[in-house]
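# A structural walkthrough
Each chain is listed here by its residues.
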Amino acid sequence: MRGRIVGAGVAVLLTTGCGAEAAEPVAVPPPAPIAVDVAAASSGGACRLLDFGVIEQHAGVRFDVAAASETGDSHTCVVRAEQATLPELTLIVTEASIDAATFTTDVVPEKAGKVTGLGQKAYRRTLSAKGAFGPVAEVGWLATEGRLATLRYTTPADTAKADADKLTDALVALAKQLDIRAI
């Protein structure tokens, strides 16, 4: 019974013109853009080893753009924040057939500090600012299966060298999380 009364009421409203009134068009705002958090790994190559969230945990900076490159036996990944050139984090993994003694003699830069608990041998150093770039924090290591790896964090020009020195601690912790055999 209720259904008939409601149906009759709707029919009366429609026939009296209430449903036929001309309505002004209502402007609907366009939908907000959807931000999609794409993983660094989606860029392939050495980027498969990096995760933006893990980098942020260690370095304190949120990166959201990654690009990979491969040349011969070297695999490279560069990560940046979308709207900024610096800071920039670079991971380079190269196939090599050297031992720990050769790594120490031929690869470890002068005045580099030793790192323990990372690969077979590892070093850390901070390079001075140069041109438009600030100081660079670097960690390099000889991993198992004859792979050389380097993490380099290039800071903006106004960064103090002491701050870049502190970043080497963060890079060592990040490097210990990477399984470079996965390339």
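Whatever comes next refers back to the structure up there.
Summarised in this report is the structure supplied together with it.

About the criteria used
Residues numbered from 1 in each chain as written. Predicted model: local features only at pLDDT ≥ 70, side-chain atom pairs only at ≥ 80, totals over all residues. Heavy atoms only, no water. Helix = DSSP H or I, 4+ residues; strand = E, 2+ residues; numbered from the N terminus. Buried < 20%, exposed > 50% of the residue type's maximum accessible area, 1.4 Å probe, protein only. Areas by Shrake-Rupley, 256 points an atom, 1.4 Å probe, with all protein chains shown as cover. Disulfide = S-S within 2.5 Å. Core = buried A, V, L, I, M, F, W, Y, C linked by side-chain atoms within 4.5 Å. 1 Å grid on protein atoms, 1.4 Å probe; cavity = no way out; pocket = protein on both sides within 12 Å on 5 of 7 lines; lining within 4 Å. Points joined across faces, edges and corners; volume = space filled by probe spheres on them. Pairing = 2+ DSSP bridges. Contact = heavy atoms within 4.5 Å. Axes fitted to C-alpha atoms, helices over the stretch in contact; angles between N-to-C directions. Polar contact = N/O pair within 3.5 Å; in protein donor to acceptor, adjacent residues only side chain to side chain.

## Section: the overall build of the protein
Secondary structure summary: the protein contains 4 helices and 7 strands in total. Counting every position in the protein, which comprises 183 residues, the buried fraction comes to 32%. Only carbon and sulfur atoms are counted for the fraction: they give 55% of the accessible area of the protein, which is about 11,100 Å².

## Digging into the state of the cysteines
Taken as a whole and judged by the stated rule, the model has 1 disulfide. Between the sulfur atoms of C47 and its disulfide mate C77 the distance is 2.0 Å. Across the disulfide from C47 to C77, rotation about the S-S bond amounts to roughly 95 degrees, and the bridge is consequently right-handed. Pair noted here: C47 is in the loop between α1 (2-15) and α2 (52-59) and C77 is in strand β2 (residues 74-80), with a separation of 30 residues, a long-range link.

## Observations concerning the nonpolar core
Among the nonpolar cores identified, the biggest contains 33 residues, and V79, L89, L91 and W141 are the most heavily contacted of them. Considering each element in turn, this core owes the most residues, 5 residues, to helix α4 (residues 161-175).

## Some thoughts on the layout of surface pockets
Estimated volume of the largest pocket: approximately 220 Å³. Lining the largest pocket are 15 residues; nearest its centre among them are T104, K114, V115, K121 and A122. Only α3 (100-107), β4 (113-114) and β5 (121-127) provide two or more residues apiece to the lining of the largest pocket. It is β5 that provides the largest number of residues to the lining of the largest pocket, a total of 3 residues.

## Some details on the sheet that holds β4
The sheet built from 7 strands is open, its strands ordered β1-β2-β3-β7-β6-β5-β4 with antiparallel pairing. Single-partner strands in this sheet number two, and they are β1 (65-71) and β4. Looking at chain direction, β1 and β2 are connected through 7 bridges and run antiparallel. Its bridge partner lying in β2, A67 is registered against V78. Helix-sheet contacts for α4 involve β3 (88-95), β5, β6 (133-143) and β7 (147-156), and the interaxial angle to β6 is about 30 degrees.

## A few points about the environment of D51
Tracing the backbone through its elements, the reader meets D51 in the loop between α1 and α2. A polar contact is formed between the side chain of D51 and the backbone nitrogen of G53, at a distance of 2.9 Å.

## Overview of the environment of I92
Looking at the secondary structure, you find I92 in strand β3. Note on I92: relative accessible area 27%, which makes it partly exposed.

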